[in-house]
Amino acid sequence: MRGNILKIAFALLGMAVAACAYSRNESIARPTSGDFKKSTIYQILLPLFTQEGTLKSAAEMLEHVKSTGVDIVYLCPIAEADVDSNPEFWSKAQKASNTPRNLYRIKDYYKVDPMLGNDADLKSFVDKAHSLGLKVILDLVYYHCGPNAKIISMDKSNVVCDENGNIKKGRWNWPELNFANPKLREYMLKNMEYFVEKFDVDGYRTDVEGYVPIDFWVEGYKRISKLKPGAVMVAESRRAEAQLEAYDANYSWSWPEIFWKVLKEGKSAAEIRALWTKENEKMPRGARILRTIDNHDTATNIPNKQSHEKNFGFRAMNAIFVLNFTMDGIPFIYNGNEIANDSYMHALSTKNHKRCFIAWENAFTSKGIERLSFIKTLTGMRKANPALYDGETRWIDTDKPDSVLAYTRECPSQKIRVAINMRDAETEVSLPYSDADAKALLKYGVKFSRDGQNLKLSMKPFAYIVLQGK
């Protein structure tokens, strides 16, 4: 009896240990290429990227995009959108803006949306990007489709239906694709292959990835990798399993949202460190998270409907960019951030409705010129320093945790220290630091002096320093 009790006790102990290990997530993310680790992603939402809102006009801007030092262009959906005017099948955002067009509600997965261009325009865009050394990834919207989607007319079993055979409305009030149907799966896998084979695209960002079975994405990645070794896959989800076999990186929706909480709601800067710790515990070891301020959704859903550039201010935006480019993960730029765009960017904007587009005139202002130069400096600095693209992150405790973020990025050949004042107020902070020959790779608004084994920093509002030492 006692032996059985001991066996049960040890079994429960083993389960507890296993649970602890799972909570720390000791799994390992699949390897990715060195080029991807060094890369910066630039998102383009075509309808507001240029006044024409087309692939052809966007192609004319690719030299500018390349000049920023980015490596990957991510296009929001280019597949034909379902413009059904029946509000019964409109999302909440569509109803709020009173527009039938949403690029994320697909009608034909194999056709380029006529508002954006045609097949030839997409091929020309990809070819020009490649000639400049840029990769192109497309946005796949496979969780849901439009009510008039071609796949429904082909076979209603391609979408989820109720027990009476009626199409069910999923999240966002649209039909959900039925991945229990093998024919639907094959149709979508062929779609992934189609854009790689016909247009030479370099991979995909997958919309609401976590609502599509993970084994589908694993198979999709295997197929496109055979066609294009080194294909890039980015998951819009927090699903930890995504990077085990299928993906190179995950979105962190909480990451851009935390800046609003710190800068507009007055939360402690320590909340950023706490978020990093929480996500790091959940994700596989070596996982890569996109580091962004804006994307098409966050830019649309700003509570007071004006840009982060106006809400946070120029210097605060620069401080966030320093964090995103020196933190582990993959930096991500939303079109227009690089010229300090301050116009509100509604994702449902079209030439005929809620018209808005990037204020490109900002590129000729002092702030626009400074921001573009700054982004070039950040992309170049990141590529040149292995600790920034391949190093471990270790946080530094300071005497000003509510205002200052401090951390190291370390790899065998290099150690870099970063300190960023996340407040619109001057502060002084002390950091443990013994290197006598440290070199500032990047600095704004910081005076520093040594005091034995400590480094004392006097920091202006939103000041930062990036130091390379031993």
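Everything below is about the structure shown above.
All residue numbers refer to positions counted from 1 along the written sequence of the respective chain. Residues qualify for local features only when their pLDDT is at least 70, as the model is predicted, and side-chain atom pairs are given and counted only at 80 or more; totals for whole chains, interfaces and linings, by contrast, use all residues. Side-chain figures throughout are based on the complete set of non-hydrogen atoms in the structure, without hydrogens or water.

**Quick look at the overall build of the chain**
To keep things clear, this is the line we draw: A run of H or I in DSSP becomes a helix once it reaches four residues, and a run of E becomes a strand once it reaches two; helices and strands are each numbered from the N terminus. To get the radius of gyration, use the C-alpha atoms; to get the globule rule, take the number of residues to the power 0.38 and multiply by 2.2 Å. To sort residues, take the accessible area from a 1.4 Å probe on protein chains only and compare it with the maximum for the residue type: under 20% means buried, over 50% means exposed, and anything in between is partly exposed. Residue contacts are defined here by distance: any two heavy atoms, one from each residue, within 4.5 Å place the two residues in contact. In this tally Asp and Glu are treated as negative and Lys and Arg as positive; neither His nor the chain ends contributes. Taken as the charge centre is NZ of Lys, CZ of Arg, CG of Asp or CD of Glu, depending on the residue.
Scanning the chain from N- to C-terminus turns up 18 helices and 16 strands. Taking 2.2 N^0.38 as the reference for a compact globule, 470 residues should give roughly 23 Å; the C-alpha atoms of the chain span a radius of gyration of 24 Å, in line with that estimate. Expressed along its principal axes, the backbone C-alpha trace of the chain runs to roughly 80 × 75 × 40 Å. For the chain, with 470 residues in total, the buried portion stands at 56%. Pairs at least 24 apart in sequence give 71% of the contacts found in the chain among residues at least 6 apart. If the 66 positive side-chain charges of the chain are averaged to one point and the 58 negative ones to another, these points end up 2 Å apart.

**Looking at the sheet that holds strand 7 (residues 232-235)**
We apply this condition: DSSP bridges decide pairing: two strands pair if at least two such bridges lie between them. In this description, a line fitted to the C-alpha atoms serves as the axis of each element, helices being fitted only across the stretch in contact, and the angle between N-to-C directions of two axes falls anywhere from 0 to 180 degrees.
What the 8 strands build is an open sheet, ordered 8-7-6-5-2-1-10-9; its pairing is parallel. Only two strands of the sheet have a single neighbouring strand rather than two, namely strand 8 (249-250) and strand 9 (290-291). When strand 9 meets strand 10 (residues 330-334), the two strands line up parallel, connected through 2 bridges. Across the sheet, residue L290 finds its bridge partner in strand 10, namely I330. Its contacts with the sheet place helix 7 (residues 119-131) against strand 1 (41-44), strand 2 (72-75) and strand 5 (135-140), and it is angled at close to 140° to strand 5.

**A closer look at the packing of helix 12 (residues 254-263) against helix 13 (residues 270-282)**
Definition in use: Roughly parallel means an angle under 35 degrees; roughly antiparallel means over 145; roughly perpendicular covers 65 to 115; every other angle is labelled oblique. Less than a right angle of anticlockwise turn of the near helix away from the far helix marks a crossing as left-handed, whereas a clockwise turn marks it as right-handed. Only Asp, Glu, Lys and Arg are considered charged, only Ala, Val, Leu, Ile, Met, Phe, Trp, Tyr, Cys and Pro nonpolar, and every remaining residue, Gly among them, polar.
Contact geometry of helix 12 with helix 13 gives a least axis separation of 10 Å together with a crossing angle of 160°. Comparing the axis directions of helix 12 and helix 13 gives the class roughly antiparallel. When the axes of helix 12 and helix 13 are compared, the crossing they make is right-handed. Residue-level contacts link S254, W255, I258, F259 and V262 of helix 12 to E271, I272, L275, W276 and E279 of helix 13. Taken together, the residues of the contact of helix 12 with helix 13 sort by class into 7 nonpolar, 1 polar and 2 charged.

**Considering the environment of M283**
On the secondary structure map, M283 appears in the loop between helix 13 and strand 9. Owing to a relative accessible area of 7%, M283 belongs among the buried residues under this scheme. Sequence separation between M283 and E26 is 257 residues; the distance between their C-alpha atoms is 8.6 Å.

**Remarks on the packing of helix 9 (residues 182-199) against helix 10 (residues 214-227)**
Between helix 9 and helix 10, whose axes approach to 10 Å, the crossing angle comes to 30°. When the axis of helix 9 is compared with that of helix 10, the two are roughly parallel. The two elements helix 9 and helix 10 meet at a crossing, and its hand is right-handed. Across the interface between the two elements, R185, E186, M188, L189, K190, M192, E193, V196 and E197 of helix 9 pack against D215, F216, W217, E219, G220, Y221, R223, I224 and L227 of helix 10. Of the residues assigned to the contact of helix 9 with helix 10, the class counts are 9 nonpolar, 1 polar and 8 charged.

**Comments concerning helix 9**
Where we set the bar: A helix is expected to span 1.5 Å multiplied by its residue count minus one. To get the bend at a given residue, fit one axis to the seven residues ending there, fit another to the seven starting there, and take the angle between those axes. The definition of a polar contact used here is a pair of N or O atoms within 3.5 Å, where within protein one atom must be able to donate a hydrogen and the other to accept one, and adjacent residues in sequence count solely through side-chain atom pairs.
When the terminal C-alpha atoms of helix 9 are compared, their 26 Å separation across 18 residues agrees well with the 26 Å that a helix rising 1.5 Å per residue should span. Along its length, helix 9 shows its largest kink, about 25°, at E193. Listed as buried for helix 9 are L184, Y187, M188, L189, N191, M192, E193, Y194, F195, V196 and F199. For helix 9, the side-chain oxygen to backbone nitrogen distance between the N-cap and K183 is 2.9 Å, and the N-cap itself is N181.

**Digging into a positive patch on the surface**
Selection rule: Excluding any residue in a salt bridge, patches collect residues exceeding 30% relative accessible area, merging like charges within 9 Å and nonpolar Val, Leu, Ile, Met, Phe, Trp and Tyr side chains within 5 Å. Accessible areas in this description were obtained via Shrake-Rupley with a 1.4 Å probe; residue shielding takes into account the shown protein chains only. Basic side-chain nitrogens of Lys or Arg form a salt bridge, by our definition, when they fall within 4 Å of a carboxyl oxygen of Asp or Glu.
Where like charges cluster on the molecular surface, the positive patch consists of R238, K261, K267, K278 and K282. When you line up the elements, K278 lands in helix 13.

**Some details on the pairing of strand 10**
Among the 5 residues in strand 10, 5 count as buried, and that is most of the element. Burial along strand 10 is two-sided: the face carrying I330, F332 and Y334 and the face carrying P331 and I333 are both buried. The pairing of strand 1 with strand 10 spans 3 bridges and is classified as parallel. If you follow I41 over to strand 10, its bridge partner there is F332.

**Observations regarding the layout of surface pockets**
Empty space among the atoms becomes apparent when a probe as large as a water molecule is rolled across them. Applied cut-off: In this analysis, the protein atoms alone were mapped onto a 1 Å grid. Cavities are point sets where a 1.4 Å probe fits without being able to get out; pockets are open sets with protein on both sides within 12 Å along at least five of seven lines; lining residues have an atom within 4 Å of a point. Grid points are joined across faces, edges and corners, and a volume is the space filled by probe spheres set on the points.
Put simply, the largest pocket is a space of about 820 Å³. Taken together, 29 residues make up the lining of the largest pocket; nearest its centre are A93, W172, W253, D297 and N301. Counting only elements with at least two residues in the lining of the largest pocket, the list comes to helix 6 (92-97) and helix 14 (296-300). Tallying contributions element by element places helix 6 first for the lining of the largest pocket, with 4 residues. Class assignment for the residues of the lining of the largest pocket results in 12 nonpolar, 10 polar and 7 charged. Taken as a whole, the second largest pocket holds about 670 Å³ of empty space. Every element with two or more residues in the lining of the second largest pocket is listed here: helix 13, helix 18 (386-390) and strand 11 (392-395). When its residues are assigned to classes, the lining of the second largest pocket shows 11 nonpolar, 7 polar and 13 charged.

**Side note on unusual backbone geometry**
The backbone of V208 sits at a positive phi, close to 35°, despite the residue not being glycine. In this fold, V208 is placed in the loop between strand 6 (203-206) and helix 10. Under the relative-accessibility criterion, V208 is labelled buried at 11%. At K305, a position not held by glycine, the phi torsion is positive, near 55°. Its location among the elements puts K305 in the loop between helix 14 and helix 15 (308-312). Residue classification places K305 among the partly exposed residues on the basis of a relative accessible area of 45%.

**Topic: the pattern of salt bridges**
Applying the stated rule across the entire model yields 27 salt bridges. With a shortest N-O distance of 3.7 Å, E26 and R285 are connected by a salt bridge. Here E26, found in the loop between helix 1 (2-24) and helix 2 (34-38), pairs with R285, found in the loop between helix 13 and strand 9; they are 259 residues apart in sequence, far enough to count as distant. By relative accessible area, which is 39% here, E26 ends up partly exposed. With a shortest N-O distance of 2.7 Å, K123 and D127 are connected by a salt bridge. Of this pair, K123 and D127 both sit in helix 7, 4 residues apart, which is roughly one turn of the helix. A residue is classified by how much of its surface remains accessible, and K123, at 27% relative accessible area, is partly exposed. We classify D127 as partly exposed; its relative accessible area is 35%. Ionic contacts of the salt-bridge type, sharing partners, join the residues E186, K190, E193, E219 and R223 into one network.

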